[in-house]
Amino acid sequence: MFNKLEMAPPDAILGLTDAFKKDTRAEKINLGVGVYKTAENTTPILGAVKAAERLLLESESTKSYLPIPGAAGYCAAVRELLFGAGHEIIANDRAVTAHTPGGTGALRVASDFLHTLYPEKQIWVSNPTWANHNAIFMAAGLTVQPYPYYDYENTCLDFDGMLTTLKIVPEGDIVLLHGCCHNPSGMDPDLDQWKAIAEVVYERNLLPMFDFAYQGFGDGLEEDAAGLRHFCQPGKELLICSSFSKNFGLYNERCGAFTIVGADADGAQKAYSHMKIAIRTNYSNPPSHGAAVAEAILTTPELRQQWEDELAAMRSRIAEMRQSFVDTLARLGVEQDFSFITRQKGMFSFSGLTKDQVNQLREEFAIYIVGSGRINVAGMTPSNMDRLCTAIKAVL
C-alpha cells in the first residue's frame, strides 16, 4: 500500500529549516523559521521560566491526567492576560478556555468545533496569512476564502480592500484576524482601523476568530491586546486561539489556549460542552508542564515582573534589528527604500524580495528565507547584518 504513494512535499517553512541544517557552509544565516534568536543566535530559556520550573520541581506531586480543558488556574490566567483584570467578560463568566497543545492545537480544536456545529459556514483569512492556516482549516473540513490584507506595491495594509470584502462576507461566516504582529507581513491595523473592522464584522453578524500568537512582541502586552479588546463588547461572541511559544519561549512545550466568548454565561457554557468533545476526540487532554510554567509566572508577582522585563528586552532587540537592517542597506548604497520594515511589528516582515532573489540568496550566499520573501527579523544579529545586507544588495 505505502509503496504506491507519491512522496508528499516538504513543509514550506520547516522544510527550509531541514535544508538549512544540511547546509555545510559556516556563514549560513536562517531567516525562515519563526523562533526568537538572541544576538548570539541562540533561542534562550527565559530566566523566569527557569525559576518557575524550579518551583514546580519542588511542589509537583503527581503526573496524573489533567481534565479535558486543562488546569483551571492556567485557563483563568490566560483570560486575564487576554482581557485584562476585572473585564466585563470575566466578571460575567462569558469566557471559557481550554489549554491546547500550542497555538496550532488551538486552531485545530477551533476548526473541529466550528465544522462540527456549523458545517455550512466558511472561514475567511487574510491574504497573505500564516502558511499553515489554510491547511489546518481545510483538514478539519472548513471552506477557506481570502480577504485582501497586504498591499504589496505600497508595502502597507490594504485597509480599503479588506473592509470592502468583509462587507460582502455572508452572514454567520467566520473571519480570522491576527491579533498583533501579523504573520507574515508584520503589518497591523491601527486602533481606528481596528474599530472600523469590529464595526463591519458585527454589522454583518460575522463570528470573529483571533489568532493571537505574539502578545507582547509588538508594542507591549496591553498595547498588543488593544485590537482584540475592541471586539470584546457586551453581548458579542468571539473565538481566540493564543500561544505562549513566542512570548514565553515555550516552543517545545506546546503551550496554547482556545478561548470562547459567549453572548452570556449560558451560551459560553453550552459552547464549552462542545469544545470538550472536540478535544476528547482529538488528544483527550493536554500536556501539563508548559501550562504549569506559564501559570506560575502569571500568578507570581516577582516572576511576572521578571518575565515582562525579559519580554521587553526581546521586543527591543527585534525593533533594533529592524532599524539596523534599514540603516545598513542605506549605508551600503542600496537605493531601494526599505524604511517600511521599521513600520512593521513583531518577528516577521515582508522584505519585498522576489522568489528568484530568495533562491539566489540561498544558493549563492547560504541565506535562507521563505519563498514569499518573509523574513524572521529575530534571525538578524549585529554580527551577520553586514553580510546579510551585502548579499541582498547583490541580488537586487
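Structure: above.
Residues numbered from 1 in each chain as written. Predicted model: local features only at pLDDT ≥ 70, side-chain atom pairs only at ≥ 80, totals over all residues. Heavy atoms only, no water.

(A) Empty space enclosed by the protein, seen in detail. With the rule as written, the count across this model stands at 3 cavities of 30 Å³ or more. As a volume, the largest cavity reaches approximately 40 Å³. What lines the largest cavity is simply Tyr147, Tyr149, Met162, Leu177, His178, His182, Pro189, Trp194 and Ile197. Of all the secondary structure elements, the ones that give two or more residues to the lining of the largest cavity are strand S7 (174–178) and helix H8 (191–203). (1 Å grid on protein atoms, 1.4 Å probe; cavity = no way out; pocket = protein on both sides within 12 Å on 5 of 7 lines; lining within 4 Å. Points joined across faces, edges and corners; volume = space filled by probe spheres on them. Helix = DSSP H or I, 4+ residues; strand = E, 2+ residues; numbered from the N terminus.)

(B) Spatial organisation of the sheet that holds S7. On the basis of which strands lie adjacent, the open sheet formed by 7 strands has the order S2-S10-S9-S8-S7-S3-S4 and mixed pairing. Bordering the open sheet on either side are strand S2 (95–101) and strand S4 (143–148), each of which pairs with just one other strand. Adjacent strand axes in the sheet meet at a mean angle of 25°, parallel and antiparallel pairs treated alike. By the bridge criterion, 4 bridges tie strand S8 (residues 207–212) to strand S9 (residues 238–243) in an arrangement that is parallel. Within the sheet, the bridge partner assigned to Asp211 lies in S9 and is Cys241. Seen against the sheet, helix H7 (residues 159–166) touches strand S3 (122–127), S4 and S7 and runs at an angle of roughly 140° to S4. (Pairing = 2+ DSSP bridges. Axes fitted to C-alpha atoms, helices over the stretch in contact; angles between N-to-C directions. Contact = heavy atoms within 4.5 Å.)

(C) Fine view of the layout of surface pockets. When its volume is computed, the largest pocket comes out at roughly 640 Å³. Around the largest pocket, the lining comprises 30 residues; the ones closest to its centre are Gly34, Thr104, Trp130, Tyr214 and Lys246. Taken together, the elements giving at least two residues each to the lining of the largest pocket come down to helix H5 (102–117) and helix H6 (131–139). Among the residues making up the lining of the largest pocket, the classes are represented as 14 nonpolar, 11 polar and 5 charged. (Nonpolar A, V, L, I, M, F, W, Y, C, P; charged D, E, K, R; others polar.)

(D) Geometry of the pairing of S3. The buried fraction of S3 is high, at 5 of 6 residues. By the bridge criterion, 6 bridges tie S3 to S4 in an arrangement that is parallel. In the strand pairing of S4, Ile123 is matched with Val144. Handedness of the crossover is the feature at issue here: the chain leaves S3, passes through H6, returns alongside S4, and the resulting connection is right-handed. As paired strands, S3 and S7 are joined by 2 bridges and run parallel to one another. Within S7, the position partnered with Ile123 by the bridge is Ile174. (Buried < 20%, exposed > 50% of the residue type's maximum accessible area, 1.4 Å probe, protein only. Right-handed = clockwise from strand over helix to strand, strands pointing away.)

(E) Region of interest: the nonpolar core. Membership of the largest hydrophobic core comes to 99 residues, with the highest contact counts inside it found for Ile197, Phe231, Trp307 and Phe325. Ranked by the residues each element gives to this core, the list is headed by helix H13 (residues 301–331), at 9 residues. The residues touching Trp307, leaving out its near neighbours within four places in the chain, are Leu46, Ala48, Leu81, Leu221, Asn247, Phe248, Ile297 and Leu298. Grouped together as the second largest cluster of nonpolar side chains are 27 residues, Val96, Ile123, Leu207 and Leu239 included. (Core = buried A, V, L, I, M, F, W, Y, C linked by side-chain atoms within 4.5 Å.)

(F) Focus on the packing of aromatic side chains. Following the criterion strictly, the structure yields 16 aromatic pairs and no others. With centroids separated by 5.0 Å and ring planes inclined at 75°, the aromatic side chains of Phe210 and Phe231 adopt a geometry described as edge-to-face. Placement of Phe210 in strand S8 and of Phe231 in the loop between helix H10 (226–230) and S9 is noted, with a sequence separation of 21 residues between them. Across the pair, Phe231 and Phe210 agree in class, each one buried. When the ring of Tyr214 is compared with that of Phe348, the centres are 5.9 Å apart and the planes differ by 85°; the resulting orientation is edge-to-face. In this pair, Tyr214 sits in the loop between S8 and helix H9 (221–224) while Phe348 sits in strand S11 (residues 348–350), placing the two residues 134 residues apart along the sequence. By relative accessible area, Phe348 is classed as buried at 2%. Grouped by ring-pair contacts, the aromatic residues Tyr74, Phe244, Phe248 and Trp307 constitute a single cluster. The ring of Tyr272 carries Lys276 above its face, with NZ or CZ at 4.5 Å from the centroid. (Phe/Tyr/Trp six-rings, centres within 6.5 Å; stacked < 30°, edge-to-face > 60°. Lys NZ or Arg CZ within 6 Å of the ring centre and 35° of its normal.)

(G) Examining the side chain of Ser349 more closely. Structurally, the position occupied by Ser349 is in strand S11. Of the polar contacts made by the side chain of Ser349, one reaches the side chain of Arg322; its length is 2.3 Å. For Ser349, the residues in contact, after removing those within four places along its chain, are Pro184, Ser185, Arg322, Ile341, Gln344, Gly373, Arg374, Ile375 and Val377. (Polar contact = N/O pair within 3.5 Å; in protein donor to acceptor, adjacent residues only side chain to side chain.)

(H) Expanded view of the pattern of salt bridges. All chains considered together, the criterion is met by 10 salt bridges. Note that Arg25 and Asp23 form a salt bridge whose closest N and O atoms lie 2.7 Å from each other. We classify Arg25 as partly exposed; its relative accessible area is 26%. Under the relative-accessibility criterion, Asp23 is labelled buried at 11%. (Salt bridge = Lys/Arg side-chain N within 4 Å of Asp/Glu carboxyl O.)

Nothing here speaks to function; it is all geometry.
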